[in-house]
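Observations on the three-dimensional arrangement
Below, each chain spelled out in residue letters.
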Amino acid sequence: MSRAIYLYNTSSRLKELFKPIHEGHVGIYVCGPTVYGDAHLGHARPGITYDVLVRLMRNLGYKVRYVRNITDVGHLENDADEGEDKIAKKARLEQLEPMEVVQYYTIRYEEAMKKLGVNPPSIEPRASGHIIEQIALVQKILDNGYAYISNGSVYFDVAKYNRDYKYGVLSGREIDQMISNTRELDGQGDKHSPYDFALWKKAAPEHIMHWPSPWSEGFPGWHLECSAMSAKYLGEEFDIHGGGMDLLFPHHECELAQNTAARGRGGVRYWIHNNMITINGKKMGKSYGNFITLDELFTGRHPLLQKAYSPMTIRFFILQAHYRSTLDFSNEALQAAEKGLKKLFQAVRDAARIEATSPTPSDAGISGLYEDIYDSLCDDLNTPVALSHIFEAVNIVNRVKDKSQQICTAEKVLLQKIFKDVTQDILGLEDEQEEGVGSDTIGGLMDIILEERQMARAQKDWAKCDALRDALAKLGIKVKDTKDGSEWSLE
Ligand code: ZN
């Protein structure tokens, strides 16, 4: 690979040079949604962050296998070992089969991701489709002595594991401190210790999703599916495991412990975590009244929203912050992002039309910009710095347009490459005004139409000139006559 990528590894708490385990081939696993409700802002950030990582790696020539799971069983309320299954609860309330809930919200989630420009993963496995693998993994952990059976359920023995390995290394938690901070909870009678976690749970009679196992008719613990499915599709050792910071503990910590207890090693080379989104400075949550789904954002139908925000505005807004920083949503910030994105795409369209009039390279520093953009993306996905460089390219296009800067042909090509390779291919920002037609095509068509109009002008056929201008105006294209001809812009 020609360029080195540095990634911040939660495991080492250091920015490390990325080296794939298998030369030229990268395995990435990201924890996907639990599909019991509409996709919301909290899904947009990991969706977009890991999409950009995959796009960057593919752009640099890596072959990437990207696995993002769908949790459709075992995720209990409050991420705990007790309580109702989130999907079963929704099914009960809506009088649906659990798999109807799963199907409905999986499709809604995928549609929302598609609108945000998030490419589908290579494999999207479901927990309920991997019960056999999960039972085998529980058996392995039992055989190795790091789990115990209690009343038909199987629990991970954290204290035993902690003596042989160390529990809490990923999140930096000290288990001794955890013990002293944990009070005995009711309803955990089957566990030897409150910080043990369920690998398999015996189903209560009212529990509708259950499968036979050597221990009981029951269902897998939430953390188990990711240990089983990542190994199945990426191998027992793979490159990158991603997810939101909220999954770091207990979910990823437990995954790491399960992997190690079963196979003697953690199995993940780089752990990556995106930070959280806040709304007007507050944590997002149903109890705060600021829980916004992606659909509500796209349509503006939420009391906190002044207007609708397009999927690309959301994407651009998310990329304006580094994935490890918190990000605060507000109407002001979204409207600023909307304005910035509009400016960017005007320049993308203009870049296809500006003229390269200089015979030699200019002093605009365009080739340096191209390198700077890649360098920032390879520096732990620093999208805000990459975007600031992209806006330097926007400023150059605008200077060429108003004739205060001259560039040569090679520089024009490079500017277009910045917009094509980086803005579109890696950052995944698409011009929403074009609705699927490439900027080159629109630019070319506009050249033909404006030439036709120019000829009508030369022949003083004012009726035709006006008719063409009005027809374009109806499509939202504004034509301005100048002394050298005509200019156009999208409104
Ligand atoms: Zn997971």
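Here's what I pulled together on the structure shown here. (Residues numbered from 1 in each chain as written. Predicted model: local features only at pLDDT ≥ 70, side-chain atom pairs only at ≥ 80, totals over all residues. Heavy atoms only, no water.)

1. As for the overall build of the protein chain
Which entries qualify depends on this criterion: The numbering of helices and of strands both runs from the N terminus, where a helix is a DSSP run of H or I of at least 4 residues and a strand a run of E of at least 2. Burial status follows relative accessibility: with a 1.4 Å probe on protein chains alone, a residue under 20% of its type maximum counts as buried, one over 50% as exposed, and anything between as partly exposed. Pairs of residues are marked as contacts when any of their non-hydrogen atoms sit within 4.5 Å. Note on areas: Shrake-Rupley, 1.4 Å probe, and residue coverage restricted to the protein chains presented here. For the charge count, each Lys or Arg is scored as positive and each Asp or Glu as negative, with His and the chain ends excluded. Charge coordinates come from a single atom per side chain, which is NZ of Lys, CZ of Arg, CG of Asp or CD of Glu.
Counting secondary structure elements, the protein chain contains 16 helices and 15 strands. For the protein chain, the C-alpha atoms occupy an extent of roughly 95 × 50 × 35 Å along the three principal directions. Counting all 491 residues of the protein chain, 53% fall into the buried class. Of the contacts made within the protein chain by residues no fewer than 6 positions apart, 74% connect residues no fewer than 24 positions apart. Only carbon and sulfur atoms are counted for the fraction: they give 50% of the accessible area of the protein chain, which is about 22200 Å². Looking at charge distribution, the protein chain has the averaged site of its 58 positive side-chain charges lying 3 Å from that of its 70 negative ones.

2. Some details on the coordination of the zinc ion
By definition of the ideal shapes, four donors in a tetrahedron about a metal sit 109.5 degrees apart, and six donors in an octahedron sit 90 or 180 degrees apart. Convention followed: Only N, O and S atoms count as donors, using a 2.8 Å limit from the metal and a wider 3.2 Å limit for Na, K and Ca, and since water is excluded some coordination spheres may look unfilled.
The coordination sphere of the zinc ion, as far as protein atoms go, consists of Cys31 (SG), Cys226 (SG) and His251 (NE2), spread over 2.0 to 2.1 Å. Between consecutive donor residues of the zinc ion, the sequence gaps follow C-x194-C-x24-H. Pair noted here: Cys31 is in the loop between β3 (25-30) and α1 (41-59) and His251 is in helix α8 (residues 248-263), with a separation of 220 residues, a long-range link. You can call Cys31 buried: its relative accessible area is 11%.

3. Notes on unusual backbone geometry
Comment: phi is negative for the bulk of residues other than glycine, and the bulk of peptide bonds are trans. Residue Pro250 is reached from Phe249 by a cis peptide bond, and omega for that bond is 5°. Positioned with a positive phi, Arg13 is a non-glycine residue whose angle comes to about 60°. In the Ramachandran plot, Gln95 falls in the positive-phi region, its phi being about 55° despite a non-glycine side chain. Mapped onto the fold, Gln95 is located in the loop between α2 (86-94) and α3 (98-115).

4. A look at the pairing of strand β5 (residues 147-150)
Short version of the rule: One bridge is not enough; two strands pair if DSSP finds at least two bridges between them.
Here β5 pairs with strand β6 (residues 153-156) via 4 bridges, running antiparallel. By the bridge assignment for β6, Tyr148 is matched with Tyr155. Hairpin remark: β5 followed by β6, antiparallel, with 2 residues in the connecting loop; positive phi at Asn151, about 55°.

5. A short note on the side chain of Ser213
Heads up, the condition is: The definition of a polar contact used here is a pair of N or O atoms within 3.5 Å, where within protein one atom must be able to donate a hydrogen and the other to accept one, and adjacent residues in sequence count solely through side-chain atom pairs.
Tracing the backbone shows Ser213 in the loop between β7 (197-202) and β8 (218-220). A distance of 2.7 Å separates the side chain of Ser213 from the backbone oxygen of Ser216, its partner in a polar contact. When neighbours within four sequence positions are excluded, Ser213 is seen to be in contact with Ile135 and Trp200.

6. Observations regarding the packing of helix α10 (residues 311-319) against helix α11 (residues 331-351)
Quick note on the threshold: Here, axes are lines fitted to C-alpha atoms. For helices the fit covers the stretch in contact, and angles between N-to-C directions go from 0 to 180 degrees. Under this scheme an angle from 65 to 115 degrees is roughly perpendicular, one under 35 degrees roughly parallel, and one over 145 degrees roughly antiparallel; angles in between are oblique. The residue classification treats Ala, Val, Leu, Ile, Met, Phe, Trp, Tyr, Cys and Pro as nonpolar and Asp, Glu, Lys and Arg as charged. All others, Gly included, are polar.
The geometry of α10 relative to α11 is characterised by a closest axis approach of 9 Å and an angle of 100° between their N-to-C directions. The pairing of α10 with α11 is recorded here as roughly perpendicular in orientation. Residues Met312, Thr313, Ile314, Phe316 and Phe317 of α10 pack against Ala333, Leu334, Ala337, Glu338, Gly340, Leu341 and Leu344 of α11. Considering only residue class, the contact of α10 with α11 consists of 9 nonpolar, 2 polar and 1 charged.

7. A look at the packing of α11 against helix α13 (residues 383-401)
For clarity, the cut-off: The crossing is said to be left-handed when, going from far helix to near helix, the turn is anticlockwise and less than a right angle, and right-handed when the turn is clockwise.
Between α11 and α13, whose axes approach to 9 Å, the crossing angle comes to 55°. In terms of orientation, α11 lies oblique with respect to α13. For the pair α11 and α13, the sense of crossing is left-handed. Judged by residue contacts, Gly340, Lys343, Leu344, Gln346, Ala347, Asp350 and Ala351 of α11 engage Ile390, Phe391, Val394, Asn395, Val397, Asn398 and Lys401 from α13. Of the residues contributing to the contact of α11 with α13, the split by class is 7 nonpolar, 4 polar and 3 charged.

8. Points about the layout of surface pockets
The criterion, for reference: In this analysis, the protein atoms alone were mapped onto a 1 Å grid. Cavities are point sets where a 1.4 Å probe fits without being able to get out; pockets are open sets with protein on both sides within 12 Å along at least five of seven lines; lining residues have an atom within 4 Å of a point. Grid points are joined across faces, edges and corners, and a volume is the space filled by probe spheres set on the points.
The calculated volume of the largest pocket comes to roughly 1500 Å³. Along its surface, the largest pocket is lined by 47 residues, and Tyr36, His40, His43, Lys86 and Asp246 are the ones closest to its centre. The element best represented in the lining of the largest pocket is α1, accounting for 6 residues. A breakdown of the residues in the lining of the largest pocket according to their chemical character gives 17 nonpolar, 19 polar and 11 charged. In this structure, the second largest pocket spans a volume of roughly 1000 Å³. Lining the second largest pocket we find 28 residues, and of these Arg353, Glu355, Lys403, Ser486 and Glu487 sit closest to its centre. Residue assignment for the lining of the second largest pocket shows that the elements contributing at least two residues are α11, α13, α15 (439-458), β14 (477-482) and β15 (485-490). In terms of residue count, the dominant contributor to the lining of the second largest pocket is β15 (6 residues).

9. Things to note about helix α7 (residues 224-234)
Most of α7 sits out of view: 9 of its 11 residues are buried. Taken together, the buried positions of α7 are occupied by Leu224, Glu225, Cys226, Ser227, Ala228, Met229, Ser230, Ala231 and Leu234.

10. Things to note about the side chain of Arg453
As for its placement among the helices and strands, Arg453 is situated in helix α15. Not counting the four nearest positions on each side in its chain, Arg453 is found in contact with Cys465, Leu468, Arg469, Val479, Asp481 and Ser486.

11. Regarding the pattern of salt bridges
For clarity, the threshold we go by: The term salt bridge refers to a side-chain nitrogen of Lys or Arg lying within 4 Å of a carboxyl oxygen of Asp or Glu.
Evaluation of the coordinates by the stated rule reveals 28 salt bridges. A salt bridge links Glu371 to Arg3, with the nearest nitrogen and oxygen atoms 3.1 Å apart. Here Glu371, found in helix α12 (residues 366-378), pairs with Arg3, found in the segment before β1 (6-9); they are 368 residues apart in sequence, far enough to count as distant. For Glu371, a relative accessible area of 37% gives the class partly exposed. Salt bridges linked by common partners bring Glu236, Glu237, Arg263 and Arg265 together as one network.

12. A word on the sheet that holds strand β11 (residues 277-279)
On the basis of which strands lie adjacent, the open sheet formed by 3 strands has the order β12-β11-β13 and mixed pairing. Where the open sheet ends on each side, the last strands, each with one partner, are β12 (282-283) and β13 (327-329). Where β11 and β13 come together, 3 bridges link them in parallel fashion. By the bridge assignment, Ile279 is partnered in β13 with Phe329. α10 rests against β11 and β13 of the sheet, and its axis sits at about 145° to β13.

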